[in-house]
Amino acid sequence: MLLAVLLPFIIAIIIPFVSKWKDKIHTGYFVTIVPVIIFIYFVRFIGSGFEPVMREYSWIPSLNMNFAFHLDGLSLLFVLLISGIGALVAFYSIFYLHKSEQLGHFYVYFLIFMGSMLGVVLSDNVFVLYSFWEFTSLSSFLLIGFWNFKKESRYGALKSMLITVFGGLSLLGALVFMSVLTNTTSIREMISQQQLILNSEFFPLILVLLLLGAFTKSAQFPFHIWLPDAMEAPTPVSAYLHSATMVKAGIYLVARYSPMMSANEWFFIIVSTFGIVTLCWGSYMAVRQTDLKGILAFSTISQLGMIMAMLGFGTDIALFAAVFHILNHATFKGSLFMVAGIVDHETGTRDIRKLGGLMTYLPITATLAVFASFSMAGVPLPFLNGFYSKEFFFDSALHLEAANTGISGVLQAAVPYLAVLGSIFTFVYSMYFFFGTFRGKAKLDQLPKKPHEAPIGMLVSPIVLVLGVIIIGLFPSLINKPFIEHAASAVAGTTVEKSIYFWHGFLYPPLILSITVLVFGVILYLSRRVWMPVYNVVPGILSMNKFYDGAVDRLENYSFTITKGYMNGSIGRYVRLILAAILIVTFAFMAMTGGFSINTDNLADFTIAELLVAITMVVAAIGTILTNNRITAILILGVVGYGLAMLFVFYRAPDLALTQLIIETVTVALFLLVFYHLPKLGKKEESASTRVLNLIISIGFGAMMTMVAISSHSTKLFESISSYFVDNTYELGGGDNMVNVILVDFRGLDTFFEIVVLGIAAMAIYAMIRLRQDKKEEE
Amino acid sequence: MELIMAVLAGILFTTGIYNLLQKQLLRIIIGTALISHGAHLFILTMGELKRGAPPILTEGIENYTDPLPQALILTSIVISFGVTSLLLVLAYRASQVNGTDNMEQLRGNDYE
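Residues numbered from 1 in each chain as written. Chains lettered and ligands numbered in written order. Predicted model: local features only at pLDDT ≥ 70, side-chain atom pairs only at ≥ 80, totals over all residues. Heavy atoms only, no water.

**Q** Any details on the overall build of chain A? Residues and values, ideally.
**A** Along chain A, the regular secondary structure elements total 31 helices and two strands. Here the C-alpha radius of gyration of chain A, 36 Å, is well above what a compact globule of 779 residues would show, namely 28 Å. Judged by the C-alpha coordinates and their principal axes, chain A covers about 115 × 70 × 55 Å. With 779 residues in all, chain A has 54% of them scored as buried. Of the contacts made within chain A by residues no fewer than 6 positions apart, 78% connect residues no fewer than 24 positions apart. Counting only carbon and sulfur atoms, one obtains 69% of the accessible surface of chain A, whose full area is about 33,900 Å². The distance from the centre of the 47 positive side-chain charges to the centre of the 46 negative ones in chain A is 14 Å. (Helix = DSSP H or I, 4+ residues; strand = E, 2+ residues; numbered from the N terminus. Rg over C-alpha atoms; globule rule 2.2 N^0.38 Å. Buried < 20%, exposed > 50% of the residue type's maximum accessible area, 1.4 Å probe, protein only. Contact = heavy atoms within 4.5 Å. Areas by Shrake-Rupley, 256 points an atom, 1.4 Å probe, with all protein chains shown as cover. Lys, Arg positive; Asp, Glu negative; His and termini not counted. Charge placed at Lys NZ, Arg CZ, Asp CG, Glu CD.)

Rendered as structure tokens:
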């Protein structure tokens, strides 16, 4: 199972090499094999006797981060969707993307996405899940921005990234809370200890954070705004990421935690409300779109809202309908996206105002679109799977098992009406999509290309998906027992058994609702020119997009202003800022913790000789500032160095004294060699205020160091480790001189790196001098 | 004596930092040299001064000064020598190429 998840990543590494031969063979062929293999591996798990499988592979055991993969019914459903749709989309993309595109990049992102998505739905470890989750956001960003020469692509990519990563961080917060509360990183163990989380005072926060993560990813109102802009991605990507799989990651997350969270009333209220509002808003907005993919984007939003709402309902039938609809939605929406891609590819436009009457030019595509869009609309015909799940949806909306009081009560009463309302608009946009594109009068003069039927390779994938629509419609029991029931049981936490029938009799309430939708839908579709102006009122001026754009613009402006404020290119200023920050932090910390202490008990004797040396050094050090003569400055710097050597003698450090003497001599010599080539020390021409500021900073820093030195001498928090070296120098190092033994033996690696540093410095010096000479010779 | 040494280290830091904040490269290099002197003294003061014999094992002596700060300082002296010499040559090159050693004029261009 680990291999199945890692396979896309492994192949992704190979793709850049394979894509070199893209002139001979389209890279997509290699990529298509990957999901096919994964699909075959997982499809054998389907069956009535399916039992969850657990596999664990160590990764970072010390942090409790392991590749723990848990395959239950829900994961199996998603895994098969990811690999199945993945295979079809990869195959479709072979014909969609021309060889002149950067295929290598595309397929690497594609495979990274596939692998991470598999990781999300299989991981039992929350932090592994989170890592994969962010990887899907990242690959989605890269794929949306694939045509990065287009401004809209970059805009859409950034938008999706900002919104989903914001959600991802909230999710991380929720996961950290839960894992701290239950002291485990495993989702299953969290659920088994659900009381700890449900009764925690942090539960409202956890719920909100978790749902924020799920809602942003699954484009729930009001976070849906990134999805329409994500349609700038190549159509195979839209079909795969932004309809069938990635946007369902949020659904997956809610479903995964639903056995635990649904015990709380607020889970029902929040998830159902957001879901049903998204359903209505998405379908309402879809009718307004003029871009084919825009219609599909809003339609996806509304369908996701519907699934989300059903997960919120939490009844057995609702959960069953939710997982059933996840599958159905993937089939009909996937094929519709591919149809939109074909139309775009063959006519050169996706603007529905220019399209129309394409049925005679693209007969096969039109046929596919009929099935898919009617299934999406929920037209009551026995060979359309969308109808079944839509009917389950109505059924569950009518049979909520929530409390009759308070907000839940209101919600319970409102849900059936909102469900019908959303479905009416769903019907309208489905019809709009199909009839607007394929029926009516052809406007060939407005099309950039003369339309003709797509190549057969491009048709294969949508045909397979539409066959799925029909087969599930005709024989729902084929997938019910072995597949859907397991998934629904995994979400419910208990066994769910449902049978799917087409016909329940005339007085079956959901059927009446379906027919209501049908009637009102037809009326609204036919009269749409009359009521379209309503869109000028709602959403009108106030839209989430404006809010997002304004927020991003302002953030950019603010950060630009702030950065410009301190990054003005003057290095002196940067140094001042850094030093001031160090000062403030250290002094504040000292003041807060009472860190400064002075202890005069244990001091060395005071001698005049040392004091004289010290005074000489002080005078010399100050002299370096006052003098304007280069040689004087260098020589008195030497005085400080020799004074230090003298102090080393006093303090019984013979090695240091010797080294310091030699180094100081060499340094002074070096200064004298170089100074001749440097400009003379000029008068300091800075203003008085700068001078005072410099003085304050430097005196402050000196005072800080003095205080730290005194405090550290006065407080002994730990026993010194020096006695170890004193005791063991001879036994372990075999030498009498402790300092030398420490350097070459105990801390030998330090010394080794010290030599490396010197070597690098020497090379750099050599290079700087040599390069100049070579240049001169050339001149 | 430790107190005086701590103050001396502080003064070395003060003069070093003040030099570092100047505009001319030569002064900046002098500043770094002073700071490293200050740092060495600082490390030495953090141990105990003048307790016991120099840290060389000798018959009959039990009490030695702390060898660890000395080892650290020895490494540091050599490294600061490397830094100083590199900076010197860098300053030399910079002033040769750009014709100035004033840091305020050695800025990045506007397109960064």
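**Q** Hey, could you go over the overall build of chain B for me, with residue numbers and the actual values?
**A** Helix and strand content of chain B: three helices and zero strands. Taken against the 2.2 N^0.38 rule, which gives 13 Å for 112 residues, the C-alpha radius of gyration of chain B at 19 Å runs more than 25% over that of a compact globule. Its C-alpha atoms give chain B principal-axis dimensions of about 65 × 25 × 25 Å. Looking at chain B as a whole, 62% of its 112 residues qualify as buried. Within chain B, contacts between residues separated by at least 24 positions form 51% of all contacts whose residues are at least 6 apart in sequence. As displayed, chain B offers around 4,200 Å² of accessible surface, 60% of which is attributable to carbon and sulfur atoms.

**Q** An account of the side chain of Thr15(B) is needed here, citing residue identities and associated values.
**A** With respect to the helices and strands, the residue Thr15(B) is situated in helix 1 (residues 2–20). According to the relative accessible area criterion, Thr15(B) is buried, its value standing at 4%.

**Q** If you had to explain helix 1 (residues 2–18) of chain A to someone new, which residues and values would you point to?
**A** Residue and element names in this part refer to chain A. Counted at 1.5 Å a residue, the expected span for helix 1 with its 17 residues is 24 Å, and the 24 Å between its end C-alpha atoms agrees. Of all the bends in helix 1, the greatest, near 30°, is centred on Ala 12, and the proline Pro 16 appears no more than four residues after it. Turning to helix 1, its buried residues number three or more, namely Leu 2, Ala 4, Val 5, Leu 7, Pro 8, Phe 9, Ala 12, Ile 15 and Val 18. On its buried face, helix 1 sits against helix 2 (28–43), strand 1 (53–60), strand 2 (65–71), helix 4 (103–122) and helix 5 (126–144). (Expected span 1.5 Å × (residues − 1). Bend = angle between axes of the 7 residues up to and from the residue.)

**Q** Talk me through empty space enclosed by the protein; I want residue IDs and the actual numbers.
**A** Under the defined criterion, the tally for this structure stands at three cavities of 30 Å³ or more. Size it by volume and the largest cavity reaches roughly 120 Å³. Lining of the largest cavity is provided by 13 residues; of these, Glu664(A), Ser36(B), His37(B), Ser80(B) and Thr84(B) occupy positions nearest its centre. Elements supplying a minimum of two residues to the lining of the largest cavity: helix 27 (654–675) of chain A together with helix 2 (25–46) and helix 3 (67–98) of chain B. Of the residues that constitute the lining of the largest cavity, the class distribution is five nonpolar, seven polar and one charged. (1 Å grid on protein atoms, 1.4 Å probe; cavity = no way out; pocket = protein on both sides within 12 Å on 5 of 7 lines; lining within 4 Å. Points joined across faces, edges and corners; volume = space filled by probe spheres on them. Nonpolar A, V, L, I, M, F, W, Y, C, P; charged D, E, K, R; others polar.)

**Q** Which residues make up the environment of Leu467(A), and what values go with them?
**A** Residues and elements named next belong to chain A. Within the element layout of this structure, Leu 467 appears in helix 19 (residues 456–474). Here Leu 467 falls in the partly exposed class, since its relative accessible area comes to 46%. Once the C-alpha coordinates of Leu 467 and Ile 625 are considered, the two residues, 158 residues apart in sequence, prove to be 87 Å apart.

**Q** Pulling in residues and values, what's your account of helix 2 of chain B?
**A** With 22 residues, helix 2 of chain B ought to run about 32 Å at 1.5 Å a step, and its terminal C-alpha atoms sit 32 Å apart, in line with that. Buried residues dominate helix 2 of chain B, accounting for 18 of its 22 residues.

**Q** For unusual backbone geometry, give the residues involved together with the corresponding values.
**A** All names here are of chain A. The linkage connecting Phe 221 with the following residue, Pro 222, adopts the cis geometry, with an omega of 0°. Relative to the assigned elements, Pro 222 resides in the loop between helix 9 (203–217) and helix 10 (226–229). With phi around 50°, Ala 219 is a residue other than glycine that occupies positive phi space. Mapped onto the fold, Ala 219 is located in the loop between helix 9 and helix 10.

**Q** Tell me what's going on with the layout of surface pockets, and back it up with residues and numbers.
**A** Over the atoms a probe the size of a water molecule is rolled, and this reveals where empty space is left. In this structure, the largest pocket spans a volume of roughly 780 Å³. Along its surface, the largest pocket is lined by 26 residues, and Lys716(A), Ser720(A), Ser722(A), Gly47(B) and Asp66(B) are the ones closest to its centre. Classifying every residue of the lining of the largest pocket by side-chain character gives eleven nonpolar, eight polar and seven charged. Volume-wise, the second largest pocket comes out at about 560 Å³. Phe39(A), Leu327(A), Thr331(A), Gly468(A) and Ile472(A) are the residues nearest the centre of the second largest pocket, which is lined by 23 residues in total. Elements supplying a minimum of two residues to the lining of the second largest pocket: helix 2, helix 3 (73–96), helix 15 (316–347), helix 19 and helix 20 (477–492) of chain A. Broken down by class, the residue content of the lining of the second largest pocket amounts to 20 nonpolar, three polar and no charged.

Everything listed here is a matter of geometry and, on its own, says nothing about what the molecule does.
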